[in-house]
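The primary structure of each chain is shown beneath.
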Amino acid sequence: MTFDPSHAARSFSSVGTRPIRPDGVDKVTGRARYGADFNMPGQLIGRILRSPHAHAVIRKIDTSKAEQFPGVKAVVTAADLPDLTDGDTSMYDILDNCMARNKALYDGHAVAAVAAIDARTAKQALKLIDVEYELLPHVTDVDQAFAADAPLINETIFTTGVDPKPDRASNVSMRSQFGHGDVDAGMAEADFVVARTFKTEQTHQGYIEPHACVANVSSDGTADLWVCTQGHFVYRQHCAQLLGLEASRLRVTSSEIGGGFGGKTHVWAEPVALALSRKAGRPVKLVMTRDEVFRATGPTSATSIDVKIGAMKDGTIIAADATLRYSCGPYAGSWAEVGAMTAFACYKLENVRTVGYEVLVNRPKTAAYRAPSAPMAAFAVESAIDELAKKVGMDAVDFRIKNAAQEGTKASYGPVYGPIGIGPTLEAVKNHPHMKASLGKNQGRGMACGFWFNFGGQTCTDLNIGMDGTVSLAVGTVDVGGSRASLSLVAAEELGIDYAQVRAVIADTSSLGYNDMTDGSRGTFSSSMATISAARNAIKILRARAAQMWDIPVEDVTWEKGHAVAKGETHGNLPNLSLKEIAAASGTTGGPIAGHSEIVADGAGVSFATHICDIEVDPETGATKVLRYTVVQDAGKAVHPTYVEGQYQGGAAQGIGWALNEEYIYGKDGRLQNAGFLDYRIPVCSDLPMIDTQILEIPNPNHPYGVRGVGETSIVPPLAAVANAVSNAVGVRMQHIPMSPPRILAALEA
Amino acid sequence: MAGIAVSTTINGDHAEFLCHPDETLLEVLRERLGLMGVKEGCGTGDCGACSVILDDRLVCSCLVLGAEAEGRQIATVEGMAQGDRLHPLQQKFLEHAALQCGICTPGFLIAAKDLLAKNPDPTEEEIRFGLAGNLCRCTGYDKIVRAVQDAASVMRGA
Ligand code: FES
Ligand code: FES
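As a starting point, this report considers the structure included with it. What you see is a predicted model; the values in this text were computed from it and never measured.

### Things to note about the pattern of salt bridges
Side-chain pairing between opposite charges can occur once the charged atoms of the two side chains come close.
Residues and elements named next belong to chain A.
Working step 1: What the rule picks out here adds up to 49 salt bridges over all chains.
Working step 2: Note that Glu387 and Arg733 form a salt bridge whose closest N and O atoms lie 3.7 Å from each other. Here Glu387 is found in helix α11 (residues 374-392), whereas its partner Arg733 is found in the loop between α21 (718-730) and β27 (736-737), with 346 residues between them in sequence. Arg733 matches Glu387 in its accessibility class, with the two residues each being buried.

### Considering the nonpolar core
Working step 1: Residues A:Phe344, A:Tyr413, A:Tyr417, A:Tyr629, A:Val722, A:Met739 and B:Phe93 are the most contacted members of the largest nonpolar core, which totals 207 residues.
Working step 2: Leave out the neighbours within four places in its chain, and A:Met739 touches A:Ala659, A:Leu660, A:Val722, A:Ala723, A:Val726, A:Met734 and A:Ile744.
Working step 3: One finds A:Leu473, A:Ala492, A:Leu495 and A:Trp559 within the second-largest nonpolar core, a separate group that totals 31 residues.

### Things to note about the sheet that holds strand β22 (residues 577-578) of chain A
Residue and element names in this part refer to chain A.
Working step 1: Here 3 strands make up an open sheet; going across it, the order is β20-β21-β22 and the pairing antiparallel. The open sheet has two edge strands, β20 (557-560) and β22, and neither has a second partner.
Working step 2: Examined bridge by bridge, strand β21 (residues 563-566) and β22 share 2 bridges and lie antiparallel to one another. Residue pairing across strands places His563 opposite Ser578, the latter belonging to β22.
Working step 3: On the sheet, helix α16 (residues 523-550) packs against β20, β21 and β22 and is oriented at approximately 130° with respect to β20.

### Observations concerning the pairing of β20(A)
All names here are of chain A.
Working step 1: Burial along β20 is one-sided: Val557 and Trp559 are buried, while Thr558 and Glu560, pointing the other way, are not.
Working step 2: In terms of strand pairing, β20 meets β21 through 4 bridges, oriented antiparallel. If you follow Val557 over to β21, its bridge partner there is Ala566.
Working step 3: Taking the residues between adjacent antiparallel strands as the criterion, β20 and β21 are bridged by 2 residues, where Lys561 takes a positive phi near 45°.

### Some thoughts on the sheet that holds strand β25 (residues 624-634) of chain A
Residues and elements named next belong to chain A.
Working step 1: Taken in spatial order, the 4 strands make up an open sheet running β16-β24-β25-β26, and their pairing is mixed. Two strands close off the open sheet at either side, each with one partner strand: β16 (443-452) and β26 (691-696). Taken over all neighbouring pairs, the strand axes of this sheet differ in orientation by 15° on average, direction set aside.
Working step 2: Pairing analysis gives 9 bridges linking strand β24 (residues 607-617) to β25, with the strands arranged antiparallel. In the sheet register, Ala609 faces β25, and the bridge partner there is Gln633.

### Some remarks on the interface of chain B and chain A
When the parts of a complex come together, some accessible area is lost, and that lost area is often used as the size of the interface.
Working step 1: Counting from both sides, the interface comprises 48 residues of chain B and, opposite them, 52 residues of chain A.
Working step 2: Both faces considered, chain B and chain A share a buried interface measuring about 4000 Å² in area, 60% of it formed by carbon and sulfur atoms.
Working step 3: Among the residues chain B hides against chain A, the three largest losses belong to B:Leu94, B:Gln100 and B:Arg137. Together they make up 21% of the total.
Working step 4: At the surface where chain B touches chain A, the tally comes to 5 salt bridges.
Working step 5: Of the charged contacts, one joins A:Glu662 and B:Arg137 as a salt bridge, the two residues approaching to 2.8 Å between their closest N and O atoms.
Working step 6: Here chain B is connected to chain A by 23 residue pairs in polar contact (both at pLDDT 80 or more).
Working step 7: The residue makeup of the side of chain B that touches chain A, split by class, is 21 nonpolar, 12 polar and 15 charged.

Definitions and limits used
- Residues numbered from 1 in each chain as written.
- Chains lettered and ligands numbered in written order.
- Predicted model: local features only at pLDDT ≥ 70, side-chain atom pairs only at ≥ 80, totals over all residues.
- Heavy atoms only, no water.
- Salt bridge = Lys/Arg side-chain N within 4 Å of Asp/Glu carboxyl O.
- Helix = DSSP H or I, 4+ residues; strand = E, 2+ residues; numbered from the N terminus.
- Buried < 20%, exposed > 50% of the residue type's maximum accessible area, 1.4 Å probe, protein only.
- Core = buried A, V, L, I, M, F, W, Y, C linked by side-chain atoms within 4.5 Å.
- Contact = heavy atoms within 4.5 Å.
- Pairing = 2+ DSSP bridges.
- Axes fitted to C-alpha atoms, helices over the stretch in contact; angles between N-to-C directions.
- Buried area = accessible area lost by both parts, 1.4 Å probe.
- Polar contact = N/O pair within 3.5 Å; in protein donor to acceptor, adjacent residues only side chain to side chain.
- Nonpolar A, V, L, I, M, F, W, Y, C, P; charged D, E, K, R; others polar.

Pasting the structure below:
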């Protein structure tokens, strides 16, 4: 799809307005159906037995007592999920994560499951399953797992990305490197150098809705799955492959989703529910407890990062270097690579090098968490940048402006940037009243920048025009935070009709072509692209039908503001035909009118943000209070500005929680000690101030309206912005996230 | 099963059910009575998604036994709108986009309703502390607080 690049100057009538979302009333009245809000006749309740050990060989599983327990209809173990992955190691890892095969690899790893007539029976039956474990030494800390003498988690892992291939297995599954120039020479030339090591702890996406699904495998080989997911088409593929079903015979319907943030992009319990249903011959509902959500799903990586940056006296950064170690749970992932790519993406650098290591640990398999891997890298880099600015004697914002990447800059991870927003967000911050407000005692201000790639991907959309002139838009990207509103706006814009005339729904996997999942901030970006092209295809048909009704050549019909307009001297006096009039006649002019679109939405525009945070630290207790917070981010074009603001605020709040409090705490026994909201503690209403937002619009030249993804970048700067604020408040450089009161006190005493 | 027979009032309507002695009010509302607007985020009293008003007290229905509903008045999100007329809180939540995923919304609406019944003109801080028992992971609370402020002023007739 090629677009007219002049869209930047175009004016919009629907896009950019703030109507009420189409799914809103159902959500405020309790009618919206989420994962756990669906039941099927005759359904059983499934529950999963999980390993209490961090690392253990599973010697034997005896399910006989559970099977005989009254009310139990099926018990499954790995034996009921045979390996059909055919050498696909990442699918094998997913299978093994859904149900441990030979070893339990973390506290919470599934080892067996039951389906029974009710939850109480299922729970009792779990206690009757006898698992014989042989304990193995475990390791949960990223640095300890990295060490040469660490307990080995998977003997088939040999570090990739090193030459020659290592001759012995280790916990380091991958090394990746990015950059250009001569970093060592640059560093030698530098007038000032900052070198620091930083650590961040593991956090969970923390969606309020636990994973939930209802699976129904019929004896005729067809199956249905109702599930809360960010990507029902991807779930269908994974489940079909793991269960040996034909994809077209498995229909997956995505429920309303109660938060995902990357954590609902992988299957966990769904293949187990399908296996239970297949074995029991009845529908099975499986809903995780909060404890299971923490112990077995999500989380993001813990990291340890070395950063070294050198600058000249005039404030030019001459060299930048980082080594980043990301934990990935007990299976290989790609998280360190992404961290290494994003670390220095905000800056124009002659000499830059980043090396990422992905490290296996006995913790849950990591899943994407909003701009996965970028926040930790930004924390380390933006902390060092702040310190370097001080050494050079420059203001933190001016120092960044001087070194900010621009259009034409070769990014540290390879490509050359088009028009980008890092400079403008920094200028906006420099001029923001927040930067000029005064601070009191024990208070500090910090700012930081962040980057995220954004993603496009496979997208398919149907736009059907009803005979009454209303439009139903079927999209395949799950709506995680208001995208049905934005996509309705886009359809209305393109067709030239009212927002109220459009109704967007999320179609199930049997009703629409394949769609990648809603991740990489792609929901509105990619589905709006597909919606625009579907609308344009529908307009072609509408024009042809109008031409037919008027009996004039189609070339003489244009489409303006929701109407067919007859052009040319001979037809100039024909009254316009509205979409509604053309739709009403469709039965006699050739049948239903629809537009379809199937695309790979290339050209997701990169996105940048700069945040400002004011914080107060109590030097006696180490307690912190965020006093004021401002987000400035480039949206390309904000389709529904209120929901764009919501994305900015939500990401900032998650980042603040990560920076100050949230972390997975493991005991020496390798068990998670805070698997609940009370002890994990995400920010509550009284922890936060209002979060001020400023939307910049630097159009993405690859999108017809200039849209960029907006969902993720907002979580990238907060760790660093908050850390810089705390460091400025207490006069000590904070190097370990979260900055919980004991860590702040320790830093003060050091 | 030794079921306990319970007779209660939910959203103004009489309701009767049998439940286990250890069954929570949340389980009863969702699984026995089909009031799925009451959400479960944790089952341990930590998230507020299951908030209901029991007589005139805001409670986590996951921490109340079904049997305790005997002879009481229960208000859930399903009872807030009058026919197709939304409660001002519901209306303002929509207008302010105070929900993204919406899973926390029923709990917040109920908690806010209880708050405004007791304090019709709360300060921002009173709202923040009044809603501190409800978790929202999507919004950062900003738009929720604004929606409650706006609804409070509408309800006061200001
Ligand atoms: S479900 Fe009751 S407080 Fe979370
Ligand atoms: S809107 Fe998603 S948890 Fe509040």
